[in-house]
Amino acid sequence: MTDATPALSPPSSPRLTPAFVIGATLVGLHVIVGLITLFWAPYDPTAMTGGRLAPPSLAHWAGTDRLGRDLFTEIMVGARIALAVGIGAVAIAATIGVTIGLLAAFASRTVDDVLAATLDILIAFPTLLLAMLIVAASDGASLGTAILAIGIAASSIVARLTRILARRVLAMDYITAARVSGTGWLGIVRIHVLPNIWPTLIVNLALQFGLAVIAEASLSYLGLGAPPPNASWGRLLQEAQATVYTAPFGAVAPGIALVSLVIGLNLFADGLRDVADPTRRRR
Amino acid sequence: MLIAAAVLFLLLRLLPGDPANALVSVGADAQQIEAARRQVGSDLPISAQFVRYLGQLGSLDLGTSFVSGVSVLEEIGRRLTVTLPLTALAFVSAILLALPLGILAAVKRDRWYGGLISVVSQLGVAVPVFWIGILLVTAFAVKLRLFPSSGFPPSGWRDPLAALHQLVLPILTIALVMSASLIRYVRSATLDVIGSDYLRTARALGAGYGEALVRHGIRNGAVPVISILGIELASTLLGAVVVERVFSLPGLGSMLLSGIEQRDYPSVQGVLFISTLMVLLVGFAADLIQRLVDPRLRGPSGGRS
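Cut-offs applied
- Counting restarts for each chain, with residues numbered from 1 along the sequence as it is written.
- Think of it this way: whatever chain is written first is A, whatever ligand is written first is 1, and the rest follow in order.
- In view of the model being predicted, local features appear only for residues whose pLDDT reaches at least 70, and side-chain atom pairs are presented and counted only at 80 or more, with totals across whole chains, interfaces and linings using the full set of residues.
- Secondary structure is summarised from DSSP: a helix means a run of H or I of at least four residues, a strand means a run of E of at least two, and numbering begins at the N terminus for each.
- It is the C-beta atoms, placed from the backbone, that decide contacts: two residues are in contact if theirs lie within 7 Å.
- The exposure scheme places C-beta atoms from the backbone and then counts, for each residue, the other C-beta atoms within 10 Å of its own, assigning buried at 20 or more, exposed at 12 or fewer, and partly exposed in between.
- By our criterion, buried Ala, Val, Leu, Ile, Met, Phe, Trp, Tyr and Cys residues that link up through C-beta atoms within 7 Å make up a nonpolar core.
- Lines fitted to the C-alpha atoms define the axes, with helices restricted to the stretch that makes contact. Angles between their N-to-C directions range from 0 to 180 degrees.
- Two helices that cross are described as forming a left-handed crossing if the nearer one is turned anticlockwise from the farther one by less than a right angle, and a right-handed crossing if clockwise.
- Each residue is assigned to one of three groups, with Ala, Val, Leu, Ile, Met, Phe, Trp, Tyr, Cys and Pro labelled nonpolar, Asp, Glu, Lys and Arg labelled charged, and all others, Gly among them, labelled polar.
- A score between 0 and 100, pLDDT records how confident the predictor is in each residue.

J.: Could you give me a rundown of the overall build of chain A, with the residues and numbers involved?
T.: In terms of helices and strands, chain A carries nine helices and zero strands. Its helices and strands in sequence order give chain A the pattern α-α-α-α-α-α-α-α-α, from N to C terminus. Long-range pairs, those at least 24 residues apart, make up 69% of the contacts in chain A between residues at least 6 apart in sequence.

J.: Got a sec to walk through the overall build of chain B? Specific residues and values, please.
T.: When its secondary structure is counted, chain B shows 11 helices and zero strands. Its helices and strands in sequence order give chain B the pattern α-α-α-α-α-α-α-α-α-α-α, from N to C terminus. Sorting the 305 residues of chain B into buried and exposed places 38% on the buried side. Summarising the internal contacts of chain B: among those between residues at least 6 apart in sequence, 68% fall at separations of at least 24.

J.: Quick rundown of the environment of Ile132(B)? Include the residues and the values.
T.: Residues and elements named next belong to chain B. Position of Ile132 among the secondary structure elements: in helix H6 (residues 129–143). Considered as a pair, Ile132 and Pro170 are 38 residues apart in the sequence and their alpha carbons are 9.7 Å apart. Ile132 has contacts with Val127, Thr173, Leu176 and Val177, leaving out every residue within four places of it along the chain.

J.: Please provide a residue-by-residue account of the nonpolar core, values included.
T.: The biggest cluster of nonpolar side chains holds 147 residues, and the ones touching the most others in it are Ala131(A), Met132(A), Ile150(A) and Ala212(A). Among the elements that make up this core, the one with the highest residue count is helix H2 (residues 71–106) of chain A (19 residues).

J.: Please provide a residue-by-residue account of the packing of H2(A) against helix H5 (residues 143–170) of chain A, values included.
T.: Working note: a packed helix pair is described by the angle between its axes plus the distance between those axes. Residue and element names in this part refer to chain A. Where H2 meets H5, the closest approach of the two axes is 5 Å, and the angle between their N-to-C directions is 40°. H5 is crossed by H2, and the crossing has right-handed handedness. Class assignment of the residues belonging to the contact of H2 with H5 gives a composition of 24 nonpolar, six polar and three charged.

J.: Now, about unusual backbone geometry: what can you tell me, with residues and values included?
T.: Residues and elements named next belong to chain B. Even without a glycine there, the phi angle at Ser248 is positive, about 40°. Following the sequence through the fold, Ser248 ends up in the loop between helix H9 (209–246) and helix H10 (252–261). Look at Ser248 and you get partly exposed, because 13 C-beta atoms sit within 10 Å.

J.: Help me get a handle on helix H8 (residues 233–242) of chain A, residues and values and all.
T.: Of all the 10 residues making up H8(A), nine are buried; the element is thus mostly covered by neighbouring parts of the structure. Within the sequence span of H8(A), burial applies to Trp233(A), Gly234(A), Arg235(A), Leu236(A), Leu237(A), Gln238(A), Glu239(A), Ala240(A) and Gln241(A).

J.: Pulling in residues and values, what's your account of the environment of Asp112(A)?
T.: Residue and element names in this part refer to chain A. Relative to the helices and strands, Asp112 is located in helix H3 (residues 109–124). Classification of Asp112 by C-beta neighbours within 10 Å gives partly exposed; the count is 16. Along the primary structure Asp112 and Ile150 are separated by 38 residues, whereas in three dimensions their C-alpha atoms are 24 Å apart. Apart from the residues lying within four places of it in its own chain, the contact partners of Asp112 are Ala104 and Ala107.

J.: Let's hear about the confidence of the model for chain A: which residues, and what values?
T.: Taken over all residues, the pLDDT of chain A has a mean of 78, while the share at 70 or more is 81%. Considering only residues more than four positions removed or in separate chains, one finds that residues 1–13 of chain A, a stretch of pLDDT under 50, has 11 contacts.

Laid out in structure tokens, this is it:
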């Protein structure tokens, strides 16, 4: 966070803050690496390519794991998995969350109260815990269930935010005017509500993306995520912890990749907020 | 609370696989399976199961584990002797770490170390709990050999020093993660105080900077921080799952995890029920403390915060 942005910057030209540029660069790097692994990787991610638990070298930039697989390749593939889970989970969270949030905002008082109370309880549970339960409720851990579980778990947060934002818009005089002039509720959503709430929603979804990446890593660390041979960062770290006495570097490298992506997403969201809301005063 | 119980119940019933499977061996015939289903009550319709469940909750009977046959309430009590001290000590250390650092980051925001604190705390919120745990293990257990990497003495707290020695790294892990986000809230609460009119007035009336901050700032800045503290404490209680797995501690979280893996409904339900109860209690306590600190919240209109 920079302290320099003056309170009275002209609203016409959204400023790209350093945070935004750094964030976008970090995220972009991960996206590029993830896309590259679709066509090419230094080694076959499942092949034994060298000695077991070898330290970093020119041939193996991040060393090898306990089966002799190239860790740098696995980390690269991990970026693809993290991004896929993040995109999928955020898409699910946005779809479910925005729908429920809008319904609650439009619903009668009683329905809204029940929905709001349920959301409050769901939010009291950490996303990870809910995702754990949902993974447990499905037949077995896979990439799909991880995406679904994290998406559903995060949707309560999106729903609550949507509900609050939508209610604020619905209290405006121009909504009454639209109603009087005969606009249906779908029309009101499309013309008035969504355009007004999306800037805040997008910022929140970017933050949810980062949380989803952490949640996915945690799930696979706990053995509830994508099963091997999917090289999720969480599983890499879990395997590396078992051999931390002989190959400590393996417990560090995947974490750096993970943290750099999440920081990138957080900074990106920060920057997005400034672009989306030029009136927001920064500290 | 009732809604919480209902949500938990329904979520758990969605788990596929009959819990009776845990009781019978692989080659059991239909009759044995039927008997097992009767024993765990999964032959009843779902509404009857729910009524029974509520009745048991009312009498604080959390049932017995399908897997081990031990009373769930007793098992939770045993597990809490690990999780509660872990959470409490981590919570206190996080506050001791975050309060001074957060205030410093706000007051000295123009100095390099003020900025550094902000940046580090920003980094901290992006780091998953388990990676901090692994890094601490790498540094303190593998390299320096100061603390054990995992486990908990089987004798429990009979040897308090040994138990505490085992808990140092887990406590540090939670405290670091917690204080990263706490510092941000303390910092922004302090910034609000610094920018406030009442502080300027106090300064104009001749109070020194530090004096004005201590006399007027702490009480005002504390209110939002306390509600964040409540949320953080609650999520730490529930989030102990990961840390307990990193350090193989026999706490509430590992009970939940193994319960999920073994489809042991009573254990999972019991853990979730007790932790929900604790979360609600923490929220209630945070509300109460806020009212003690801020008289404005005590009025009839301030009741709904």
